[in-house]
Amino acid sequence: MTTKRIVEHTFESLESMSLNMGPQHPSTHGVLRVVLELDGEIIEKATCHLGYLHRAKEKHAEHKTYHQFIPYTDRMDYLSPMTNNTAFCMTVEKALGLEVTQRCKYMRTLLCELARMSSHLLWLGTGALELGAMTIFLWSFTQREKLYDIFEWISGARFTVSYMRVGGVARADYPEWRRMVKDFLNQYMAAHKEFETMLNGNEIFLNRVVDVGRISAQDAIALSLSGPSLRASGIDWDARRDTPYLAYEEMDFDVHIETKGDCMARYVVRMNEIVESWKICCQALEKLEKCANQPMNIDNPKVIFPPKENVKKSMEDLIHHFLLASEGFKVPPAEVYQAIESPKGELGFFLVSDGGPKAYRLGVRSPSFINLQGLESMSIGHTISDIVAIIASLDPVMGEVDR
Amino acid sequence: MAVDLNKLQELLRNKMSEYYGDKVYSITIAHGELVMVVDRAIIVQACTTLRDDPDFQFDFLSYVTAIDWSAMNKQPRYEVIYQLLSLKKTHRMRVKAGVPDSDPAIDTVCDVWPGANWMERETFDMFGIIFRGHPDLRRILMPEDWEGHPLRKEFPLGGVKSFYFKRSTEPRAGEPKNLVPRVREQLSDI
């Protein structure tokens, strides 16, 4: 038998090594490229390189009418297209000075929260998968599948829904669909308990996330982190509660805060957010059922498309449909910024209109892009395996980072 | 929590004109949003005041971007936008500073809010506005060797050059079929 030789490295004598991670690395959530400066396996510096998925959305917005741009917003944060649609439509409505109907507000609230559940479930599944937990991935995707069925039934598309319209939604809800949502909500909490049982006390999982990627409250604010990443550092801020929009003022929900600022804290905040979203969904669905006879869209034929069945019967509706589809509606000169709480953080649209049917300038404040700034400071002093957990806990969507 | 914008506007008027005099051009409310236009020379001081003053406490920088006004013939050509949020007082405002075409530069606010780093890099990438004193002013979304700044109004939607791969008619020795990249000037603006 040969004796095992132990070689003692003196890392001080070695120079640091550069290691390229991505853009095709499976745990970078798409096409994120990080260049790591390593001392042994300890990260000394991490530099992000972005732009692999840049599709010039902001430039496209200047050449498309407002309705034509709605499908583009789906493809930013493609894990919660409902939220993006809503944020964009709310921005245009703000510039137009429109107020949507109460029923539409409930509908949008419900769909935004379902989208949040769907987005967080994907984060949960893939995040756990990256840390070696296969079962959670399969379970959470089973739940997401049901959510996608719900989106498909209301919008016609599973993934890129393009469902919201300026001044309303594409088509109204109907009883069978509401029953579908109710069925989903009724069975969801049992599944959620199983997710928590699988992870909360799991030694392997805890070893990977506790005390990894810490960021203090001051740093989180200074780096403009938003959403769950901000709340995990102990900042009590949620745009849904603090600057209410849609129907959130009427909803009863809590904002969960963690103080530690590590990956575990971000995990706990998101898991609790799913439960709060579930609560809001139940309330919104109930309120939606109560006002099922009220109009869904605003009564403004210059902005909202006429009902399809009227287009072939009424001359005015045909004209309005033609004008909206070909020319679009005009927005008076305005400069507005509308921010909402998307699953990733503060999603804001900054719209400058020159009075024409197209935006003069549309800026997107994308939460994933700005949250990713935190990666460079969070990962210092950790190992390569930790950076996988940190990226997962920040939950960036590259479609939104690069736009 | 409704925020009294008129009161905030009054406070801003008093304090800002006291500190910076005529360098503050206007403080207006439109569409329920408070907008302050300042001279670019005082942008860092004004932002520091907005962050530190107990009446304002704009501790959170939401968004930095710019507008190119050239298609509307406004002067100065660019305007840099800072969208601010106070997490403690739950109010928002926007600070704007004009930047002329002859000298497209403004001081960085990275020292006030470190989170401005990537947002200013993106604005530089898209508009070519130089942020003086920025720690790492490189392109962020476009390739490093890209020419031009895409969100400027004169930049065509389809790009200046289009790249495509064409099969070479004459195969090189030893290479039966090879792909040679060619560059052609774009024929028309989309």
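Structural data are supplied above this passage.
Being a predicted model, the structure only gives us computed values, none of them experimental.

Engineer: Help me understand the sheet that holds strand E2 (residues 33-39) of chain A, please; the structure alone is not making it clear to me.
Structural biologist: Within a sheet, neighbouring strands are paired by backbone hydrogen bonds and run either parallel or antiparallel to one another. All names here are of chain A. Judged by pairing direction, the sheet is antiparallel, and its three strands sit side by side in the order E1-E2-E3 without closing on themselves. Looking at which strands have only one partner, the edges of the open sheet turn out to be strand E1 (17-21) and strand E3 (42-49). Strand-to-strand twist across the sheet, computed as the mean angle between neighbouring axes with direction ignored, equals 25°. Both E1 and E2 contribute to a ladder of five bridges, which runs antiparallel. For Ser18, the partnering residue across the bridge sits in E2 and is Glu37. Packing of helix H16 (residues 384-394) onto the sheet brings it into contact with E1, E2 and E3, and relative to E2 it is tilted by some 145°.

Engineer: What am I meant to see in the sheet that holds strand E1 (residues 24-30) of chain B here?
Structural biologist: Residue and element names in this part refer to chain B. What the five strands build is an open sheet, ordered E1-E2-E5-E4-E3; its pairing is mixed. Where the open sheet ends on each side, the last strands, each with one partner, are E1 and strand E3 (60-68). Across this sheet, the average inter-strand angle for adjacent strands is 20°, counted without regard to direction. Judged from the eight bridges that link them, E3 and strand E4 (residues 78-85) form a sheet pairing that is antiparallel. Its bridge partner lying in E4, Phe60 is registered against Leu85. Where helix H1 (residues 5-20) meets the sheet, its contacts fall on E1, strand E2 (33-38) and strand E5 (92-99), and the angle it forms with E1 comes to roughly 175°. Of the strands in this sheet, E2, E4 and E5 are in contact with helix H2 (residues 43-52), which crosses E5 at around 175°.

Engineer: What's the story with helix H6 (residues 175-199) of chain A in this structure? I'm lost.
Structural biologist: Every α-helix winds through 3.6 residues per turn, so residues three or four apart in the chain are directed the same way. Residues and elements named next belong to chain A. Look at H6: 36 Å from first C-alpha to last across 25 residues, which is about the 36 Å you get at 1.5 Å a residue. The sharpest bend along H6 reaches about 35° and sits at Tyr188. What H6 keeps buried is the set Trp177, Arg178, Val181, Phe184, Leu185, Tyr188, Met189, Ala191, His192, Phe195 and Leu199. Elements that come into contact with the buried residues of H6 comprise helix H4 (102-130), helix H5 (134-155), helix H7 (203-209) and helix H11 (263-290).

Engineer: Whenever I open this one, the packing of H4(A) against H6(A) confuses me. Can you help?
Structural biologist: Residue and element names in this part refer to chain A. The contact between H4 and H6 brings their axes to 13 Å, and the two run at 30°. Compared by their axis directions, H4 and H6 come out roughly parallel. For the pair H4 and H6, the crossing hand works out as left-handed. Of the residues in H6, those in contact with Met107, Leu110, Leu111, Leu114, Met117, Leu121, Leu124 and Ala128 of H4 are Trp177, Val181, Phe184, Tyr188, Phe195 and Leu199.

Engineer: What exactly am I supposed to notice about the packing of aromatic side chains here?
Structural biologist: Applying the stated rule across the entire model yields 18 aromatic pairs over all chains. One aromatic cluster in this structure is built from Phe69(A), Tyr72(A), Phe88(A) and Phe349(A). A cation sits over an aromatic face here: Lys15(B) above Phe56(B), 5.8 Å from the ring centre. The ring of Tyr360(A) has Lys153(B) sitting right over it, with the charged end atom 4.0 Å from the ring centre.

Engineer: What is the right way to read the side chain of Lys59(A) from this model?
Structural biologist: One can find Lys59(A) in helix H1 (residues 57-61). At a separation of 2.8 Å, a polar atom in the side chain of Lys59(A) contacts the main-chain carbonyl oxygen of Phe155(B). In this view, Lys59(A) contacts Pro150(B), Leu151(B), Arg152(B), Phe155(B), Pro156(B) and Leu157(B); residues no more than four positions away in its chain are not counted.

Engineer: So what exactly am I meant to see when it comes to unusual backbone geometry here?
Structural biologist: Residues apart from glycine generally show negative phi values, whereas peptide bonds are mostly found in trans. Omega for the peptide link from Gln75(B) to Pro76(B) comes to -10°, which places this bond in the cis form. Tracing the backbone shows Pro76(B) in the loop between E3 and E4. Phi angles above zero are rare outside glycine, and Ala56(A) is one such case at about 55°. Within the secondary structure layout, Ala56(A) lies in the loop between E3 and H1. Positive phi is not limited to glycine here, since Thr90(B) has a value of about 50°. As for its position among the elements, Thr90(B) is in the loop between E4 and E5.

Engineer: What am I meant to see in the interface of chain B and chain A here?
Structural biologist: One frequent convention defines the size of an interface as the accessible area lost when the parts assemble. On the chain A side, the residues contacting the 45 residues of chain B number 46 residues. Where chain B abuts chain A, roughly 3,900 Å² becomes buried across the two surfaces, and 60% of that area is made up of carbon and sulfur atoms. For chain B, the biggest contributors to the area lost against chain A are His31(B), Trp118(B) and Leu141(B); these three give 19% of the whole. Counting every contact that joins chain B to chain A gives six salt bridges. Measuring nitrogen to oxygen at the nearest pair gives 3.2 Å for the salt bridge that ties Glu346(A) to Arg92(B). Across the contact surface, chain B and chain A share 23 residue pairs in polar contact (both at pLDDT 80 or more). When contributions to the side of chain B that touches chain A are tallied by element, the ones reaching two or more residues are E3, E4, E5 and helix H3 (116-127) of chain B. Ranked by residues supplied to the side of chain B that touches chain A, first place goes to E3(B) with eight residues.

Engineer: Explain the side chain of Ser379(A) to me, please; I cannot follow it from the model alone.
Structural biologist: All names here are of chain A. Its location among the elements puts Ser379 in the loop between helix H15 (373-378) and H16. Take Ser379: its relative accessible area is 0%, and that puts it in the buried class. Here the side chain of Ser379 touches Leu375 through a polar contact of 2.8 Å, landing on its backbone oxygen. Setting aside its immediate chain neighbours within four residues, Ser379 contacts Ile43, Ala46, Ile387 and Ile390.

Engineer: Honestly, the layout of surface pockets in this entry has me stumped. Any pointers?
Structural biologist: In this approach a probe as big as a water molecule rolls over the atoms, and the regions it shows empty are the leftover space. If you add up the space inside the largest pocket, you get close to 950 Å³. Around the largest pocket sit 31 residues that line it, and Lys94(A), Thr243(A), Pro244(A), Tyr245(A) and Gln338(A) are the ones nearest its centre. Within the residue set of the lining of the largest pocket, elements represented by two or more residues are helix H3 (81-96), H4 and strand E6 (334-342) of chain A together with E2 and E5 of chain B. For the lining of the largest pocket, the residue count by class is 14 nonpolar, eight polar and nine charged. Its boundaries defined by the atoms lining it, the second largest pocket holds a volume of some 590 Å³. Taken together, 27 residues line the second largest pocket, and the ones lying closest to its centre are His54(A), Leu141(B), Met142(B), Pro143(B) and Trp146(B). For the lining of the second largest pocket, the elements supplying multiple residues, two or more each, are E3 and H1 of chain A. Counted by class, the lining of the second largest pocket contains 13 nonpolar, six polar and eight charged residues.

About the cut-offs
Residues numbered from 1 in each chain as written. Chains lettered and ligands numbered in written order. Predicted model: local features only at pLDDT ≥ 70, side-chain atom pairs only at ≥ 80, totals over all residues. Heavy atoms only, no water. Pairing = 2+ DSSP bridges. Helix = DSSP H or I, 4+ residues; strand = E, 2+ residues; numbered from the N terminus. Axes fitted to C-alpha atoms, helices over the stretch in contact; angles between N-to-C directions. Contact = heavy atoms within 4.5 Å. Expected span 1.5 Å × (residues − 1). Bend = angle between axes of the 7 residues up to and from the residue. Buried < 20%, exposed > 50% of the residue type's maximum accessible area, 1.4 Å probe, protein only. Parallel < 35°, antiparallel > 145°, perpendicular 65-115°, else oblique. Left-handed = near helix turned anticlockwise from the far one by under 90°. Phe/Tyr/Trp six-rings, centres within 6.5 Å; stacked < 30°, edge-to-face > 60°. Lys NZ or Arg CZ within 6 Å of the ring centre and 35° of its normal. Polar contact = N/O pair within 3.5 Å; in protein donor to acceptor, adjacent residues only side chain to side chain. Buried area = accessible area lost by both parts, 1.4 Å probe. Salt bridge = Lys/Arg side-chain N within 4 Å of Asp/Glu carboxyl O. 1 Å grid on protein atoms, 1.4 Å probe; cavity = no way out; pocket = protein on both sides within 12 Å on 5 of 7 lines; lining within 4 Å. Points joined across faces, edges and corners; volume = space filled by probe spheres on them. Nonpolar A, V, L, I, M, F, W, Y, C, P; charged D, E, K, R; others polar.

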